[in-house]
Amino acid sequence: MSSVSVIQVHPDTNSPTRAWQKLQVHQKVVKVTPMDPSTPILADHIRFVCLSDTHSRIEKGQIKIPDGDVLLHAGDFTNIGLPSEVKTYNEFLGTLPHKLKIVIAGNHDLSFDYDLVKNNRKHLSGFGWTRSLVEEKLAEYGITGVKELMTNCVYLQDSGVCVCGINIWGSPWQPTFCDWGFNLERGQPLLDKWNLIPKSTDILITHGPPVGHGDKCFDKQNVGCVELLSTIQQRVHPKYHLFGHIHEGYGMTTDGNTTFINASTCTVKYKPTNPPVVFDIPVPEGF
Ligand code: 5GP
Ligand code: MN
Ligand code: MN
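All values derive from a computational prediction rather than experimental measurement.

1. Section: the site of ligand 1
Right, on to step 1. Looking at ligand 1, there are 14 residues lining it, with Asn-107, His-108, His-247, Glu-248 and Tyr-270 nearest.
Right, on to step 2. Here an oxygen atom of ligand 1 and a side-chain polar atom of Tyr-270 are 3.1 Å apart.
Right, on to step 3. Within the complex, 85% of the 500 Å² of free accessible area of ligand 1 lies under protein.
Right, on to step 4. Among the residues making up the shell around ligand 1, the classes are represented as seven nonpolar, five polar and two charged.

2. Let's talk about the coordination of the manganese ion (ligand 3)
Right, on to step 1. Taken together, the protein donors to the manganese ion (ligand 3) comprise Asp-76 (OD), Asn-107 (OD1), His-207 (NE2) and His-245 (ND1), at separations of 2.1 to 2.3 Å.
Right, on to step 2. Taken as an interatomic distance, the gap from the manganese ion (ligand 3) to the manganese ion (ligand 2) is 3.5 Å; Asp-76 donates to each of them. With a gap of 100 residues between them, Asn-107 in the loop between β4 (100-103) and α3 (114-119) and His-207 in the loop between β10 (203-206) and α6 (226-236) connect regions that are remote in the sequence. Both residues of the pair, Asn-107 and His-207, belong to the buried class.

3. Things to note about the coordination of the manganese ion (ligand 2)
Right, on to step 1. Coordination sphere of the manganese ion (ligand 2), protein contribution only: Asp-53 (OD), His-55 (NE2), Asp-76 (OD) and His-247 (NE2), at 2.1 to 2.3 Å.
Right, on to step 2. Counting the intervening residues between successive donors of the manganese ion (ligand 2) yields the motif D-x1-H-x20-D-x170-H.

4. Focus on the packing of aromatic side chains
Right, on to step 1. Inspection of the entire model under this criterion finds six aromatic pairs.
Right, on to step 2. Taking 5.5 Å as the distance between ring centres and 85 degrees as the angle between the ring planes, the aromatic pair formed by Phe-77 and Phe-112 counts as edge-to-face. Here the residue Phe-77 occupies a position in the loop between β3 (70-73) and α2 (83-95), and Phe-112 occupies one in the loop between β4 and α3, the gap between them amounting to 35 residues. The pair formed by Phe-77 and Phe-112 is uniform in burial state, with each residue classed as buried.
Right, on to step 3. On the numbers, 3.8 Å between centres and 10 degrees between planes, the contact of Tyr-240 with Phe-279 is stacked. Here the residue Tyr-240 occupies a position in strand β11 (residues 240-243), and Phe-279 occupies one in strand β14 (residues 277-282), the gap between them amounting to 39 residues.

The rules behind these values
- Residues numbered from 1 in each chain as written.
- Chains lettered and ligands numbered in written order.
- Predicted model: local features only at pLDDT ≥ 70, side-chain atom pairs only at ≥ 80, totals over all residues.
- Heavy atoms only, no water.
- Near = heavy atom within 4 Å.
- Polar contact = N/O pair within 3.5 Å; in protein donor to acceptor, adjacent residues only side chain to side chain.
- Areas by Shrake-Rupley, 256 points an atom, 1.4 Å probe, with all protein chains shown as cover.
- Nonpolar A, V, L, I, M, F, W, Y, C, P; charged D, E, K, R; others polar.
- Donors = N, O, S within 2.8 Å, 3.2 Å for Na, K, Ca; no water.
- Helix = DSSP H or I, 4+ residues; strand = E, 2+ residues; numbered from the N terminus.
- Buried < 20%, exposed > 50% of the residue type's maximum accessible area, 1.4 Å probe, protein only.
- Phe/Tyr/Trp six-rings, centres within 6.5 Å; stacked < 30°, edge-to-face > 60°.

See the structure below:
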């Protein structure tokens, strides 16, 4: 018999606060105290340094980024994904000492959503963003897609990378909110993306939170994705899940199995004051 578990769409998927009221009865959410980033790194460990939602606000060195081996960024590194912002961010990554930088996009990194660029989705022009502006800039840089600017990192988009035997998967999608980049409807459309996450994933990076962990908005509503939590708890069981998007949900929690990290650097007022979160993983045997 196949041991593949099929995740079902939750009946309350479109009301995550209500879904979480039911789900939380059967599980715990324990706050985790982040480790002191000045703790020496053990020789047989890899240190990960987590950022998210920096929104073009860290390039001038406003925030101290701790040393470590691998830098992870969970999206919204720009304001509106202009190629000039992406170029500045990539140059900033190039100045950091971490051996490897792994980055995903968020809903603000608009030009990474090629479908959105192609269809020139309407309301975004209000933010000074147009398809022609993006395409003119790309032509000026001699490239056809903004991903080509990300030369100082590994950019993940429903894809993975293995670092010393540690499997990392990244995905930018989040529930629709005001027609931004990588928006998808709750339920099956998002679950289709989560079904791409390999079972062997050790560190999952998504832009948005799962329901119940780091997903409470300032109005006290849970807005995380129900099927993302189901995928983590019923199928993938990663050691770490890194995300951002809900800036006011910054912090670290565990369900006893996965450690959830909302690493939003920016506060809900877009002030880049939340410190990066670090964690260490022992290098697996044989690496
Ligand atoms: P961003 O625009 O940077 O993606 O998100 C910034 C803020 O917008 C979040 O901290 C949160 O307050 C709000 N926000 C983002 N997505 C949602 C959502 O799906 N629902 C609600 N109610 N607020 C959201
Ligand atoms: Mn953000
Ligand atoms: Mn966001």
